[in-house]
Amino acid sequence: MAAAQALRWGGRCRCGHHRLLSSSSSAGGGPAAERGERRESAGLGFSPPAHSHNDWIGPPDKHSNLRPVIFYAPPEESPLERRLREARQEAQACDQRFWARHNRAFRQEKEEFIYSRLKAKGLEMRDETGQKATLNAEEMADFYKEFLSKNFRKHMQYNR
């Protein structure tokens, strides 16, 4: 029901930057759907068989850690069903972008934090045996708290 309201009111995806409805999509899924074929899953590394009548959930994306879904489009999909599927695809794409950016920033800032703390202690990134130096849980808690506080607004915007 909430999805139908979002469609009716022209809602936005979770990140708030993209409208849920797309007017540029072709009806029925294009030539591949007309031939009874599944659309290729660009960049996902998997593709469901043409005879499948279900949504397919793929392996976690290496950047966002989200499992992408390839949504089944029935041959006689109604315009409302198509709009719902497209809205779900757009929301998924928005989620993928948000979490890929978030995770990239997290990893980079975490490395910078560790480097700065080790440097302040007079230590290198690798110890004498070549192992990567680490910080203890209490020190890392400082990073996690700071990162979450710094990104609070982004998370609130995403979850609205």
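The structure we're discussing is the one just above.
Rules behind the numbers
- Residues numbered from 1 in each chain as written.
- Predicted model: local features only at pLDDT ≥ 70, side-chain atom pairs only at ≥ 80, totals over all residues.
- Heavy atoms only, no water.
- Phe/Tyr/Trp six-rings, centres within 6.5 Å; stacked < 30°, edge-to-face > 60°.
- Helix = DSSP H or I, 4+ residues; strand = E, 2+ residues; numbered from the N terminus.
- Buried < 20%, exposed > 50% of the residue type's maximum accessible area, 1.4 Å probe, protein only.
- Contact = heavy atoms within 4.5 Å.
- Axes fitted to C-alpha atoms, helices over the stretch in contact; angles between N-to-C directions.
- Parallel < 35°, antiparallel > 145°, perpendicular 65-115°, else oblique.
- Left-handed = near helix turned anticlockwise from the far one by under 90°.
- Nonpolar A, V, L, I, M, F, W, Y, C, P; charged D, E, K, R; others polar.
- Patch = residues over 30% accessible without salt bridge, like charges linked within 9 Å, V, L, I, M, F, W, Y side chains within 5 Å.
- Areas by Shrake-Rupley, 256 points an atom, 1.4 Å probe, with all protein chains shown as cover.
- Salt bridge = Lys/Arg side-chain N within 4 Å of Asp/Glu carboxyl O.
- Lys, Arg positive; Asp, Glu negative; His and termini not counted.
- Charge placed at Lys NZ, Arg CZ, Asp CG, Glu CD.

Student: Please clarify how the packing of aromatic side chains should be interpreted in this entry.
Tutor: Where two aromatic rings form a pair, the distance of their centres and the angle of their planes describe that pair. If you walk through the whole model with that rule in mind, you get 9 aromatic pairs. Measuring from centroid to centroid gives 5.4 Å for Trp99 and Tyr158, while their planes differ by 80 degrees, and the two rings are edge-to-face. Separated by 59 residues along the polypeptide, Trp99 in helix H3 (residues 79-120) and Tyr158 in helix H5 (residues 152-159) bring together distant segments of the chain. On the basis of relative accessible area, Tyr158 is assigned to the buried category, the value being 6%. Summarising the aromatic geometry, the rings of Phe143 and Phe147 are spaced 5.8 Å apart at their centres and angled 35 degrees between planes, so their arrangement reads as tilted. In this pair, Phe143 and Phe147 both sit in helix H4 (residues 137-150), 4 residues apart, roughly one turn of the helix. Judged by relative accessible area, Phe143 falls into the buried class, the value being 3%. Look at Phe147 and you get buried, because its relative accessible area is 3%.

Student: Help me understand the environment of Ile57, please; the structure alone is not making it clear to me.
Tutor: Among the structural elements, Ile57 can be located in strand E1 (residues 56-57). Residue Ile57 is classed as exposed on the basis of its relative accessible area of 53%. Each C-alpha atom, one on Ile57 and one on Phe71, is 8.6 Å from the other, the two residues being 14 residues apart in sequence. If sequence neighbours within four positions are ignored, Ile57 has contacts with Phe46, Arg67, Pro68 and Val69.

Student: Can you walk me through the packing of H3 against H4 in this structure?
Tutor: For any two helices packed against each other, one specifies the inter-axial angle together with the distance between the axes. Between H3 and H4, whose axes approach to 11 Å, the crossing angle comes to 140 degrees. Between H3 and H4, the interaxial angle falls into the category oblique. As for how H3 packs across H4, the hand of that crossing is right-handed. Contact residues: H3 offers His102, Ala105, Phe106, Glu109, Lys110, Phe113, Ile114 and Arg117, while H4 offers Glu139, Met140, Asp142, Phe143, Tyr144, Phe147 and Lys150. Among the residues making up the contact of H3 with H4, the classes are represented as 8 nonpolar, 1 polar and 6 charged.

Student: Looking at this structure, how should I read the packing of H3 against H5?
Tutor: Axis separation between H3 and H5 bottoms out at 12 Å; the angle between their running directions is 165 degrees. What the angle tells us is that H3 and H5 run roughly antiparallel. The handedness of the crossing between H3 and H5 is left-handed. Listed contacts from H5 to Asp95, Phe98, Trp99 and His102 of H3 are Lys154, His155 and Tyr158. Across the contact of H3 with H5, the residue classes break down as 3 nonpolar, 2 polar and 2 charged.

Student: Any chance you could explain a positive patch on the surface here in plain terms?
Tutor: On the surface, a cluster of positive charge is contributed by Arg97, Arg101, Arg104, Arg107 and Lys154. By residue number, the principal contributor to the positive patch is H3, which donates 4 residues. Structurally, Arg104 is set in helix H3.

Student: It is not clear to me how the pattern of salt bridges should be interpreted in this structure. Could you clarify?
Tutor: Opposite charge on two side chains makes pairing possible when the charged atoms of those side chains draw close. Per the stated rule, a full pass over the model turns up 7 salt bridges. One salt bridge connects Arg117 with Asp142, and the closest N-O pair in it is separated by 3.5 Å. Note that Arg117 is positioned in helix H3 and Asp142 in helix H4, a separation of 25 residues in sequence. Judged by relative accessible area, which is 28%, Arg117 ranks as partly exposed. The closest approach of N and O atoms between Lys121 and Glu139, which form a salt bridge, is 2.6 Å. Note that Lys121 is positioned in the loop between H3 and H4 and Glu139 in helix H4, a separation of 18 residues in sequence. Assessed through its relative accessible area of 14%, Glu139 is described here as buried.

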